[in-house]
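Letter by letter, the chains look like this.
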Amino acid sequence: MNKFSLYATGLLISVWLLAGTSSCTSKSENASVQHSTQSTITESDDPLLALKEGNQRFVSGKALHIHQDMKTVKELKEGQDPKAVIIGCSDSRVSPEILFDQGMGDLFVIRTAGNVMSDYELGSIEYATEHLHTKLVVVLGHYGCGAIHAMLEHKDDNDVPGHIAHIVNCLKEEEEEQEVFKSSDNISVDAVKANVIHGVKMLRECDPILKEEFKKGKVQIVGAVYHLDNGQVDFLEI
C-alpha cells in the first residue's frame, strides 16, 4: 500500500471517529438539557391553571413529561399530594396524565365508561378531598364517547347486552340528557356536555363531604370536555 493510500485510510478513520464522538456528545447534551428542563419547570400554584398550561404544552407538541422517572418514584414512596382529582372516561384515547402533561403523584384518576359515578367512585373522590386534601375535582368527558353513543343509539329501547345496560340506563336517566333528547339540534355534542354538567352538579350536591367542601370554597368542582381530533381540553362554565 502506497503512502497516499495509507494517508487516505487514516483520514477516513479519523473523520468516522469524530462523527461518532460528535453524535454521542449531541445525544448526551440533549438528554442533559431535557433533564434540566424537567427539573426546573415551575408550574402554577393554581391547580386548574396548571392543568390548562399542561394541556397547552401537550397540544403544541412541547410536553415535558414531568414526574415520570425513578427519582419521582422514590420521592412518592412515603405518600402522595395530587393537585387534582380527574373523573374521566375509560376510553384508551383519553389518558389524563398525558393530555394534561402530568406524571406520577400529580393526578388522582377515576375512570369509568362514560365517566358514570356510583358510590364507589364517590367514595374515592371523597377520600382524595378529605384525606389527601386535593383542592380541585374535574369531571372530564370527551367528544366521540362510545358510552354516550350507545346511550343515544338505545335511548328509545332497552336492547343493550350484559352489564353495559347499567351504564346506558344510568346515562339515559340523567335529567340533563332528557333535556337534550327533547330540544337539541346537535345531539351527539350536546349529550357529551350534558353528561359532564350532570356529573358536576351531582358532585356539588353530594352529601355529606363534597357538598360541604364546595360550599365553603375548600374544593373546586368543574367540568371539561376533551377533543379527540386535536387534543384540546375545553373547560365549561357551569
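Above this text is the structure in question.
Quick look at the structure, then. For clarity, every value in this text was computed on a predicted model and none was experimentally measured.

Summed over the entire model, instances satisfying the criterion amount to 2 aromatic pairs. On the basis of an interplanar angle of 40° and a centroid distance of 6.4 Å, the ring pair of F100 and F235 is categorised as tilted. With a gap of 135 residues between them, F100 in the loop between α4 (96-99) and β2 (107-111) and F235 in strand β5 (residues 233-235) connect regions that are remote in the sequence. By relative accessible area, which is 22% here, F235 ends up partly exposed. Summarising the aromatic geometry, the rings of F108 and Y127 are spaced 6.2 Å apart at their centres and angled 40° between planes, so their arrangement reads as tilted. You can see F108 sitting in strand β2 and its partner Y127 sitting in helix α5 (residues 119-130), a full 19 residues away along the chain. The lysine or arginine in question, K52, covers the ring of F235, its NZ or CZ lying 5.4 Å from the ring centre. Lying across the ring of F181, K155 places its NZ or CZ 5.7 Å from the centre.

Our next topic: the side chain of H154. By secondary structure assignment, the location of H154 is in the loop between α6 (146-153) and α7 (164-172). Look at H154 and you get buried, because its relative accessible area is 15%. Dropping the residues within four chain positions of it, H154 is found in contact with D159, V160, V168 and K172.

Looking along the chain, the bond that leaves D207 and enters P208 is cis, with omega of 0°. Position of P208 among the secondary structure elements: in the loop between α9 (187-204) and α10 (210-215). The backbone of H67 sits at a positive phi, close to 60°, despite the residue not being glycine. Here H67 is to be found in the loop between α2 (47-59) and α3 (70-76).

In total, this model carries 8 salt bridges according to the counting rule given. For R93, the salt bridge goes to D91, with nearest N and O atoms at 2.7 Å. Here R93 falls in the partly exposed class, since its relative accessible area comes to 48%. Put simply, K216 and E212 hold a salt bridge, and the shortest N to O gap is 3.4 Å. Given the relative accessible area of 40%, E212 is considered partly exposed.

The next subject is the sheet that holds strand β1 (residues 84-88). Taken together, the 5 strands give an open sheet; going across it, the order is β2-β1-β3-β4-β5, and neighbouring strands pair in mixed fashion. The sheet is open, and its two borders are formed by β2 and β5, each paired with just one other strand. Between one strand axis and the next, the sheet turns through 25° on average, direction left out of account. As paired elements, strand β4 (residues 220-226) and β5 share 3 bridges and run antiparallel to each other. Its bridge partner lying in β5, V225 is registered against D234. Across the sheet, α2 is in contact with β1, β2, β3 (136-142), β4 and β5; its angle to β3 comes to roughly 35°. Strands β1, β3 and β4 of the sheet are contacted by α9, whose axis makes an angle of about 165° with β4.

Across soluble globular proteins, nonpolar side chains have a tendency to be buried as a group. By size, the foremost hydrophobic cluster in this structure holds 36 residues, and its most contacted members are V85, I87, I125, V137, I148, M151 and L203. For this core, the secondary-structure elements that each account for two or more residues are β1, β2, α5, β3, α6, α7, α9 and β4. Top contributing element to this core by residue count: α9, with 6 residues. In contact with I148, other than residues within four places in its own chain, are L171, E177, A191, V192 and N195. Judged by nonpolar contacts, the second largest core, of 15 residues, contains L48, A84, L99 and L107.

Now for a nonpolar patch on the surface. A cluster of nonpolar side chains, M70, V73 and M104, forms an exposed patch at the surface whose accessible area comes to about 270 Å². The residue V73 is located in helix α3 in this model. Judged by relative accessible area, which is 35%, V73 ranks as partly exposed.

Each value, and the rule that gives it
- Residues numbered from 1 in each chain as written.
- Predicted model: local features only at pLDDT ≥ 70, side-chain atom pairs only at ≥ 80, totals over all residues.
- Heavy atoms only, no water.
- Phe/Tyr/Trp six-rings, centres within 6.5 Å; stacked < 30°, edge-to-face > 60°.
- Helix = DSSP H or I, 4+ residues; strand = E, 2+ residues; numbered from the N terminus.
- Buried < 20%, exposed > 50% of the residue type's maximum accessible area, 1.4 Å probe, protein only.
- Lys NZ or Arg CZ within 6 Å of the ring centre and 35° of its normal.
- Contact = heavy atoms within 4.5 Å.
- Salt bridge = Lys/Arg side-chain N within 4 Å of Asp/Glu carboxyl O.
- Pairing = 2+ DSSP bridges.
- Axes fitted to C-alpha atoms, helices over the stretch in contact; angles between N-to-C directions.
- Core = buried A, V, L, I, M, F, W, Y, C linked by side-chain atoms within 4.5 Å.
- Patch = residues over 30% accessible without salt bridge, like charges linked within 9 Å, V, L, I, M, F, W, Y side chains within 5 Å.
- Areas by Shrake-Rupley, 256 points an atom, 1.4 Å probe, with all protein chains shown as cover.

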